[in-house]
Amino acid sequence: MVCHYCGHTESKPKLCPKCGSKYISGFKAGTEKVEEMIQKEFPGIRTLRMDADTTSKKGDYENIITKFKDGEADVLIGTQMIVKGHDFPKVTFVGILAADMSLNDHDFRSCERTFQLLTQAAGRSGRGDLPGKVIIQTYQPDHYAVLLSKEQDYEGFFEKEIAYRRVLDYPPAGHMLNLLLSSPNQKNLEASANALKHKLSDAPKNLLVMGPKDAGISKIQDVYRKEVFIKARKMESLVAIKDELEAFMLENSLFRNIQSQFDFDL
């Protein structure tokens, strides 16, 4: 197994590292694997693949799109980059594999992004005179983001999603500040995170503080990352705590070699 962020490699485990079960397997859903399976299932079919590997050079992206539009391939296989802004009048079928993977993203907008992706992908089919068909492969067929994208029901999705956001004070119902701390020195990062945690222990009661904790992707290119989330009903409260934290970090030598980044409602 290879990490695409830092290059770290490990042998594939034979037992689940959490429960010890032997029923563990890899999830092979990359574009190359999909292309290989399609060609095996339908011998002689012409395929084009669009992903980071096939579009690394200038002009590759446009070249693949042109070839597909000109009928030089029967099937276009790709990542999210193929679902937006393209008009293929002869496309009559769209298959979306592992459609709910994005539901597990480390982000409160994961349902919104899943709905957007599915509706955009489904919209590539049947754009011309020929009727279209869409098949969505999912492990969560009853999830509202999947069900409502199938119906292209934007208003229904908004009603479900905004109710969830209001209960948990997520934007736009509330506001959120994200502070990302990063450093190539793990010990320095831990020390600065502990200092920040102590500082935030006296935060006003109208703020909900989560962290510091390891970021969703805790290490990229040998740089360690931690993050803090702070929620509040009013933006003014977040602006005030952001200014206070900035001043604290400027005055504290622990943060001298720590990179920090503040984001609102992201």
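Going by the structure above, here's the rest.
These lines cover the structure that appears in this document, whether it is placed above or below. None of these values were measured; they are calculated from a predicted model.

## Comments concerning helix α3 (residues 110-122)
An α-helix turns once per 3.6 residues; consequently, residues spaced three or four apart project the same way.
Step number 1: The terminal C-alpha atoms of α3 lie 18 Å apart, and with 13 residues this matches the ideal 18 Å at 1.5 Å per residue to within 8%.
Step number 2: Every buried residue of α3 is listed here: Ser110, Cys111, Thr114, Phe115, Leu117, Leu118, Thr119, Ala121 and Ala122.
Step number 3: Looking at the buried residues of α3, the elements they touch are β3 (93-96), β4 (133-136), α4 (144-150) and α5 (154-168).

## What about the nonpolar core?
Step number 1: In terms of nonpolar packing, the biggest core is built from 20 residues, with Leu179, Leu181, Leu196, Ile230, Ile241, Leu245 and Phe255 touching the most fellow members.
Step number 2: Of all the elements in the fold, those that place two or more residues in this core are β5 (175-183), α6 (186-200), β7 (223-232) and α7 (235-251).
Step number 3: With five residues, the single largest contributor to this core is α7.
Step number 4: Ile65, Ile96, Ala99 and Val146 belong to the second largest nonpolar core, which has 18 residues in total.

## A closer look at unusual backbone geometry
Step number 1: Geometrically, the link from Pro171 to Pro172 is a cis peptide bond, its omega value of 5° lying close to zero.
Step number 2: In this structure, Pro172 sits in the loop between α5 and β5.
Step number 3: Cis geometry marks the peptide bond from Gly211 to Pro212, where omega comes out at 5°.
Step number 4: Examined against the element boundaries, Pro212 turns out to sit in strand β6 (residues 208-220).
Step number 5: Here Gln152, not a glycine, exhibits a phi torsion of approximately 55°, which is positive.
Step number 6: With respect to the secondary-structure elements, Gln152 resides in the loop between α4 and α5.
Step number 7: Assessed through its relative accessible area of 34%, Gln152 is described here as partly exposed.
Step number 8: With a phi close to 60°, Asp169 is a non-glycine residue in the positive phi region.
Step number 9: Structurally, the position occupied by Asp169 is in the loop between α5 and β5.
Step number 10: Taking the relative accessible area as the measure of exposure, Asp169 reaches 21% and is therefore partly exposed.

## Points about a nonpolar patch on the surface
Step number 1: A contiguous nonpolar patch, built from Tyr164, Val167 and Leu168 and spanning about 270 Å² of accessible area, is present on the exposed surface.
Step number 2: Relative to the helices and strands, Leu168 is located in helix α5.

## Some words on the packing of aromatic side chains
Two measures describe an aromatic ring pair: the distance that separates the ring centres and the angle between the ring planes.
Step number 1: In the structure shown here, the tally under the stated rule is six aromatic pairs.
Step number 2: A ring pair is formed by Phe108 and Tyr170, whose centres lie 4.9 Å apart and whose planes are at 5°; its orientation type is stacked. With Phe108 in the loop between β3 and α3 and Tyr170 in the loop between α5 and β5, the pair connects residues that are 62 residues apart, well separated along the chain.
Step number 3: By relative accessible area, Phe108 is classed as buried at 8%.
Step number 4: Residue Tyr170 is classed as buried on the basis of its relative accessible area of 16%.
Step number 5: On the numbers, 4.3 Å between centres and 5° between planes, the contact of Phe115 with Phe157 is stacked. One end of the pair, Phe115, is in helix α3; the other, Phe157, is in helix α5, with 42 residues separating them in the sequence.

Calculation notes
- Residues numbered from 1 in each chain as written.
- Predicted model: local features only at pLDDT ≥ 70, side-chain atom pairs only at ≥ 80, totals over all residues.
- Heavy atoms only, no water.
- Helix = DSSP H or I, 4+ residues; strand = E, 2+ residues; numbered from the N terminus.
- Expected span 1.5 Å × (residues − 1).
- Buried < 20%, exposed > 50% of the residue type's maximum accessible area, 1.4 Å probe, protein only.
- Contact = heavy atoms within 4.5 Å.
- Core = buried A, V, L, I, M, F, W, Y, C linked by side-chain atoms within 4.5 Å.
- Patch = residues over 30% accessible without salt bridge, like charges linked within 9 Å, V, L, I, M, F, W, Y side chains within 5 Å.
- Areas by Shrake-Rupley, 256 points an atom, 1.4 Å probe, with all protein chains shown as cover.
- Salt bridge = Lys/Arg side-chain N within 4 Å of Asp/Glu carboxyl O.
- Phe/Tyr/Trp six-rings, centres within 6.5 Å; stacked < 30°, edge-to-face > 60°.

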